[in-house]
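Inside the fold
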Amino acid sequence: MTASAQPTHPRRSDATRAAILRAARERFAADGYERATIRAIAADAQIDPSMVMRYYGSKEGLFAAAAEFDLRLPDLAPVPPAHLGEVLIRHFLARWEGDETLVALLRAASTNPGAAERMRGIFADQLTAAVARFGTDPATTARRAGLVASQILGLAFTRYIVRLPPMVDAPAEELVPWVAPTLQRYLTGMPEN
């Protein structure tokens, strides 16, 4: 039998990784990031906790690999151009306020390279696609999306991770008129020479 004719069998390490990810998704969903433990996830996967660490390095690395993140960005194409910044900031505030997994990923991304890569991918792929759909110049789409991400992630970091009092104390509705014009400029303003 030639090498190409041999049946392919999943490697045991692939099955172990899949079991860990399955258990992690269930545990993070049930317990949240803070209360989920490597020991509990390993027990759910019926493996030794050292195997979780071997494959993922840390709880943060496991979380970044296991969690499914969808920013659930609205379709910006029908939004009047003058309201894009407001629509986006309202959307992001609602997402951050209502989804502890995004906050956990942001926390993990500040210290874990795998989680940081995951966060970069989420914002680069999802936000850039949303910005492109409302008709920006393709030459500036990625830059505009990056600027929006910098504002959104900075706001989220100060509000949900650092918990800076002026940011935490402000009701989300009060933040909209402060942040929307900046996002609007990033989205529709023309770069000056």
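For the structure itself, look to the data block above.
Overview of the structure. Not measured: the values here are computed from a predicted model.

**Points about the packing of helix H1 (residues 12-35) against helix H4 (residues 59-66)**
Between H1 and H4, whose axes approach to 9 Å, the crossing angle comes to 105°. When the interaxial angle is binned, H1 and H4 end up roughly perpendicular. Seen from H1, the contacting residues are Ile20, Leu21, Ala24, Arg25, Phe28, Tyr33 and Glu34; seen from H4, they are Lys59, Glu60, Leu62, Phe63, Ala65 and Ala66. The residue makeup of the contact of H1 with H4, split by class, is 9 nonpolar, no polar and 4 charged.

**What to know about the pattern of salt bridges**
Within the structure shown, the criterion is met by 5 salt bridges. Where arginine 90 meets glutamate 173, a salt bridge forms, and the shortest distance between an N and an O atom there is 2.8 Å. In this pair, arginine 90 is assigned in helix H5 (residues 84-98) and glutamate 173 in helix H10 (residues 172-188), connecting sequence segments 83 residues apart. Assessed through its relative accessible area of 34%, arginine 90 is described here as partly exposed.

**What to know about the packing of H5 against helix H6 (residues 100-109)**
Where H5 meets H6, the closest approach of the two axes is 5 Å, and the angle between their N-to-C directions is 90°. The orientation of H5 with respect to H6, classified from their angle, is roughly perpendicular. Contacts from Arg95, Trp96 and Gly98 of H5 reach H6 at Glu100, Leu102, Val103 and Leu106. Among the residues forming the contact of H5 with H6, the class breakdown is 4 nonpolar, 1 polar and 2 charged.

Procedures and definitions
- What you see as residue numbers is a count from 1 along each chain, following the sequence as written.
- Selection of residues for local features in this predicted model requires a pLDDT of at least 70, selection of side-chain atom pairs for listing and counting requires 80 or more, and totals for whole chains, interfaces and linings are taken over all residues.
- Only hydrogens and water are set aside when side-chain values are computed; all heavy atoms of the structure are taken into account.
- Axis geometry follows a simple rule: fit a line to the C-alpha atoms, using only the stretch in contact for helices, then measure angles between N-to-C directions, giving values from 0 to 180 degrees.
- Secondary structure elements are taken from DSSP: a helix is a run of H or I of four residues or more, a strand is a run of E of two residues or more, and numbering for both begins at the N terminus.
- Here roughly perpendicular refers to angles of 65 to 115 degrees, roughly parallel to angles under 35, roughly antiparallel to angles over 145, and oblique to all remaining angles.
- Contacts are residue-level and defined by heavy atoms, with any inter-residue pair within 4.5 Å sufficient.
- The residue classification treats Ala, Val, Leu, Ile, Met, Phe, Trp, Tyr, Cys and Pro as nonpolar and Asp, Glu, Lys and Arg as charged. All others, Gly included, are polar.
- The salt bridge criterion pairs a side-chain nitrogen of Lys or Arg with a carboxyl oxygen of Asp or Glu, the two atoms within 4 Å.
- Note on classification: 1.4 Å probe, protein chains only; a residue is buried when its accessible area is under 20% of the maximum for its type, exposed when over 50%, partly exposed between these limits.

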